[in-house]
Amino acid sequence: MSDTFPTNQSEALAFLYVQNQDLNNKTPEDLVHMYKDALMKIRAEAKKMQDEERATRYIR
């Protein structure tokens, strides 16, 4: 396993998302919640897109 961050596309996108938010007055705890929430949503959307792509392949 790699010791670098981000280790995958979802982590990179979540990091970029949080980085581009207004972080004024955010606590470290807020940042953790923002990152984890973004990561969860990104992973869910990526899985949904992957499932749709697979379904489309089988329909043809």
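Structure's up top.
So, how was this worked out
Residues numbered from 1 in each chain as written. Predicted model: local features only at pLDDT ≥ 70, side-chain atom pairs only at ≥ 80, totals over all residues. Heavy atoms only, no water. Helix = DSSP H or I, 4+ residues; strand = E, 2+ residues; numbered from the N terminus. Buried < 20%, exposed > 50% of the residue type's maximum accessible area, 1.4 Å probe, protein only. Lys, Arg positive; Asp, Glu negative; His and termini not counted. Salt bridge = Lys/Arg side-chain N within 4 Å of Asp/Glu carboxyl O. Contact = heavy atoms within 4.5 Å. Core = buried A, V, L, I, M, F, W, Y, C linked by side-chain atoms within 4.5 Å.

Help me understand the side chain of E11, please; the structure alone is not making it clear to me.
Relative to the assigned elements, E11 resides in helix α1 (residues 9–19). The side chain of E11 is buried and forms no salt bridge, while R43, the nearest opposite charge, is found at 4.2 Å. Those residues in contact with E11, other than ones at most four positions away along the chain, are F5, P6, Y35, L39 and R43.

Is there a simple way to explain the nonpolar core in this structure?
In a soluble, globular protein the nonpolar side chains are often hidden away together inside. A14, V18, M34, Y35, A38 and L39 form the largest nonpolar core, which has six residues in total. The leading source of residues in this core is helix α2 (residues 28–59), at four residues. Once residues within four sequence positions are removed from consideration, M34 is found in contact with V18, Q21, L23 and K26.

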